[in-house]
Amino acid sequence: IKIKITNIDIPVAFASAFEGEIIRRKDMQVEFDGSRVDCAELVHTCDASEIEDHKITVIGPEVDEMEFGSKNSIAYVVKVAGKNMQSDFEPVIERKFHNYINCIEGVYHTGQRDMQRIRISIDAFNAGFRIKHIGEVLYASVKNEFDAVVDKCEVVIYTDPAECTRIRHEVAIPIFDKRDERLDTLTDESVDVYYSCILCQAFAPSHVCVVTPERLGLCGAVSWLDAKATHQLDPAGPCQIITKERPIDENLGSYEDVDEAVQKFSQGALEHVTLYSIMQDPMTSCGCFECICGIEPFSNGVVIANREYAGMTPLGMTFPEMASMTGGGVQTPGFMGHGKHFISSKKFMKAEGGIERIVWMPKELKEFVADRLNKTAKELYGIDNFTDMIGDETIAEDPETLVAFLTEKGHPALGLDPMM
Ligand code: SF4
Ligand code: ZN
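So, here's what we can say about the structure. None of the values given here were measured: they were computed from a predicted structure.

## Structural notes on the overall build of the protein
- A tally of helices and strands in the protein yields nine helices and 17 strands.
- A compact globule built from 420 residues should have a C-alpha radius of gyration of about 22 Å, and the protein, at 21 Å, falls within 12% of that.
- The C-alpha extent of the protein, read off along each of the three principal axes, is 60 × 50 × 35 Å.
- Counting every position in the protein, which comprises 420 residues, the buried fraction comes to 58%.

Pasting the structure below:
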């Protein structure tokens, strides 16, 4: 830990001791929630002439003007410039916002990209903490930690809902999409190394993500390219090279190298981790997974729920109920946290047959992944419009109705071997 900030100008404490602090609803002044309203967090590389160093701007209401206990929009754009800055470093800096904001006493942050959630406690508010102080923290932390690449930094924070909608949809999402597209040509077989990520050990001490080109970190924010950039920026940091020279079982995605790495980075808590199975030694989950998949025994398939989905699944569990069985950095065969983009990967549950096991997803998620998922299903199995065979909450919220629907559609999972 090389954070060397001594004097950030905020009215509450700032220290890694506060990183694991949780703000409960009854203790919160206001919250910001990207799963319900438009939010975004973004690092944007600019020309040095466009940036006024240490300028912090808030566009929209301050916490004082927000209703007590309310859910609000927030979008912050951290503009950076530096002659060694590369756009590959942007997502790496962005992912650290989670740690920076969590180090503020009385402030809590989860999620990333356009799905972050922040709570400000009543105590922090009463101590004088305001939106602009988030800007102070981001400015000081980015300048401190990334001084090798960031020479100038300016922060613009939007709380005006219309501006947040504009930043999210017109600025942030196109950038996120472009980043994701860069990965499309890479496969696990085409690279020589994978990367570990242990950024989430503050919350889940034994959690290790193994990040490969076809399997991004379960938070959805750390791709193989991001992990590579993280390693370049900080060779002793959270992302380390994992070689893949000693495969044990290519179908499971198990390697002696991977096992050794997870043993080391989990301080012995984990022994074996496979990359492509949810039944045999699945990867652990921390708490910030974008989605959870869990086995649905009546159809031999899996149900996937995303964090934004507030309803019921055919497993008889909501997302929070599934999350309570899955998180904490332990292996739970049959349940696994993962990123949204992993759903259309050829490596998704490859050991159990792959994406043809997917029998149910919330409608919104299904629409989000449809193009990519249909393309993968066509390539792997020759199935057209695979998503039309997958149930959602408008079709079924219980296993009987779901199986009837799958039978009618001739869903391939029904003909596969049971998973347990
Ligand atoms: Fe890293 Fe995994 Fe946490 Fe994402 S979920 S920050 S990849 S440890
Ligand atoms: Zn996490």
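Okay, back to it.
## Regarding the side chain of Glu296
- As for its placement among the helices and strands, Glu296 is situated in strand β14 (residues 291-296).
- Look at Glu296: it is buried, it has no salt bridge, and the nearest opposite charge is Arg357 at 9.8 Å.
- Side chain to side chain, Glu296 and Ser299 meet in a polar contact 2.6 Å long.
- Not counting residues within four places of it along the chain, the set of residues in contact with Glu296 comprises Gly301, Val302, Val303, Leu315, Val359, Pro399 and Leu402.

## Quick word on the pattern of salt bridges
- Per the counting criterion, the structure on display carries 29 salt bridges.
- Measuring nitrogen to oxygen at the nearest pair gives 3.0 Å for the salt bridge that ties Lys71 to Glu31. With a gap of 40 residues between them, Lys71 in strand β4 (residues 71-72) and Glu31 in strand β1 (residues 28-33) connect regions that are remote in the sequence.
- By relative accessible area, which is 1% here, Glu31 ends up buried.
- Notably, a salt bridge pairs Glu90 with Arg179, separated by 3.9 Å at the nearest N-O pair. Of the two residues, Glu90 sits in helix α1 (residues 90-102) while Arg179 sits in helix α4 (residues 161-182), which places them 89 residues apart along the sequence. You'll find Glu90 and Arg179 in the same group, each marked buried.
- Residues joined by salt bridges that share partners form a network here, namely Arg25, Glu31, Asp33, Lys71, Arg117 and Arg119.

## Quick notes on the sheet that holds strand β11 (residues 241-243)
- Taken together, the three strands give an open sheet; going across it, the order is β10-β9-β11, and neighbouring strands pair in antiparallel fashion. At either margin of the open sheet sits one strand with a lone partner, and together these are β10 (209-211) and β11. Here the strands of the sheet are splayed against their neighbours by 40° on average, with no regard to which way each runs.
- Of the pairings in the sheet, the one linking strand β9 (residues 193-197) to β11 comprises three bridges and is antiparallel in character. Paired with Tyr194 across the bridge in β11 is Ile242.
- Contacts from helix α5 (residues 224-233) reach β9, β10 and β11, with the element oriented near 75° to β9.
- Along the sheet, helix α6 (residues 256-265) makes contact with β9, β10 and β11, crossing β11 at roughly 145°.

## Some points on unusual backbone geometry
- A positive phi angle, near 55°, is found at Arg113, a position not held by glycine.
- Of note, Arg113 is situated in the loop between β6 (107-110) and β7 (117-121).
- Taking relative accessible area as the criterion, Arg113 reaches 12% and is therefore assigned buried.
- Of note, Asp281 is a non-glycine position whose phi angle comes to about 45°, a positive value.
- With respect to the helices and strands, the residue Asp281 is situated in the loop between α6 and β14.

## Brief notes about the pairing of strand β15 (residues 301-306)
- The element β15 is extensively covered by neighbouring structure, given that six of its six residues are classed as buried.
- Direction of pairing for β14 relative to β15: antiparallel, over a ladder of six bridges. By the bridge assignment for β15, Glu296 is matched with Gly301.
- Joining the antiparallel neighbours β14 and β15 is a turn of four residues, in which Asn300 adopts a positive phi near 60°.

## Topic: the site of ligand 1
- Around ligand 1, a shell composed of Arg95, Cys197, Leu199, Cys200, His207, Cys209, Gly217, Leu218, Cys219, Val222, Cys286 and Cys288 is seen.
- Split by residue class, the shell around ligand 1 holds nine nonpolar, two polar and one charged.

## Digging into the nonpolar core
- Formed by 52 residues in total, the largest nonpolar core has its most connected members in Tyr194 and Val210.
- Taken together, the elements giving at least two residues each to this core come down to β9, β10, α5, α6, β15, α7 (319-326), β17 (358-360) and α9 (399-409).
- Among the nonpolar cores identified, the runner-up in size contains 41 residues, and Met66, Met85, Val155 and Ala229 belong to it.

## Quick notes on the packing of α1 against helix α3 (residues 131-145)
- Where α1 meets α3, the closest approach of the two axes is 10 Å, and the angle between their N-to-C directions is 120°. Between α1 and α3, the angle falls in the class oblique. Handedness of the α1/α3 crossing: right-handed. Contacts from Ile93, Lys96, Phe97, Tyr100 and Ile101 of α1 reach α3 at Ile134, Val137, Leu138, Ser141, Val142 and Glu145.
- Taken together, the residues of the contact of α1 with α3 break down into eight nonpolar, one polar and two charged.

## Observations concerning the sheet that holds β14
- A sheet is described by the order of its strands in space; here four strands give the open sequence β16-β14-β15-β17, paired in mixed fashion. The open sheet terminates on both sides in strands that have one partner only, identified here as β16 (335-338) and β17. Direction aside, neighbouring strands of the sheet carry axes that sit 35° apart on average.
- Inspection of the sheet shows β14 paired to β16 by four bridges, in the antiparallel sense. Its bridge partner lying in β16, Ile292 is registered against Gly337.

Thresholds, definitions, all that
- Sequence order as written defines the numbering, with residues in each chain counted from 1.
- Chains carry letters from A onward and ligands carry numbers from 1 onward, assigned in written order.
- Given that the model is predicted, a residue must reach a pLDDT of at least 70 before its local features are reported, and side-chain atom pairs must reach 80 or more before they are shown or counted; all residues, however, enter totals for whole chains, interfaces and linings.
- Side-chain measures here rest on the full set of heavy atoms in the structure, leaving out hydrogens and waters.
- Think of it this way: any DSSP run of H or I at least four residues long counts as a helix, any run of E at least two long counts as a strand, and we number them from the N terminus.
- Each radius of gyration reported is based on C-alpha atoms, and the globular scaling rule is 2.2 Å times the count of residues to the power 0.38.
- Each residue is assigned to one of three classes by its accessible area relative to the maximum for its type, calculated with a 1.4 Å probe on protein chains only: buried under 20%, partly exposed between the two thresholds, exposed over 50%.
- His is not counted, nor are the chain ends, whereas Lys and Arg count as positive and Asp and Glu as negative.
- Each reported salt bridge corresponds to a side-chain nitrogen of Lys or Arg within 4 Å of a carboxyl oxygen of Asp or Glu.
- As used in this structure description, the phrase polar contact means that two N or O atoms lie within 3.5 Å; if the pair is within protein, one of them must be able to donate a hydrogen and the other to accept it, and residues adjacent in sequence are counted only when both atoms belong to side chains.
- Only heavy atoms matter for contacts: two residues are in contact if any of them lie within 4.5 Å across the pair.
- The pairing criterion for strands is at least two bridges between them, as found by DSSP.
- Each axis is a line fitted through C-alpha atoms, taken for helices only over the stretch in contact, and angles between the N-to-C directions span 0 to 180 degrees.
- If even one non-hydrogen atom of a residue comes within 4 Å of a molecule or strand, that residue is called near it.
- Only Asp, Glu, Lys and Arg are considered charged in this grouping, and only Ala, Val, Leu, Ile, Met, Phe, Trp, Tyr, Cys and Pro are considered nonpolar; every other residue, Gly among them, is considered polar.
- We call a set of buried Ala, Val, Leu, Ile, Met, Phe, Trp, Tyr and Cys residues a nonpolar core when their side-chain atoms join them within 4.5 Å.
- Between 65 and 115 degrees an angle is taken as roughly perpendicular, under 35 as roughly parallel, over 145 as roughly antiparallel, and anywhere else as oblique.
- Crossings are sorted by hand: turned counterclockwise from the far helix by less than a right angle, the near helix makes the crossing left-handed, and turned clockwise it makes it right-handed.

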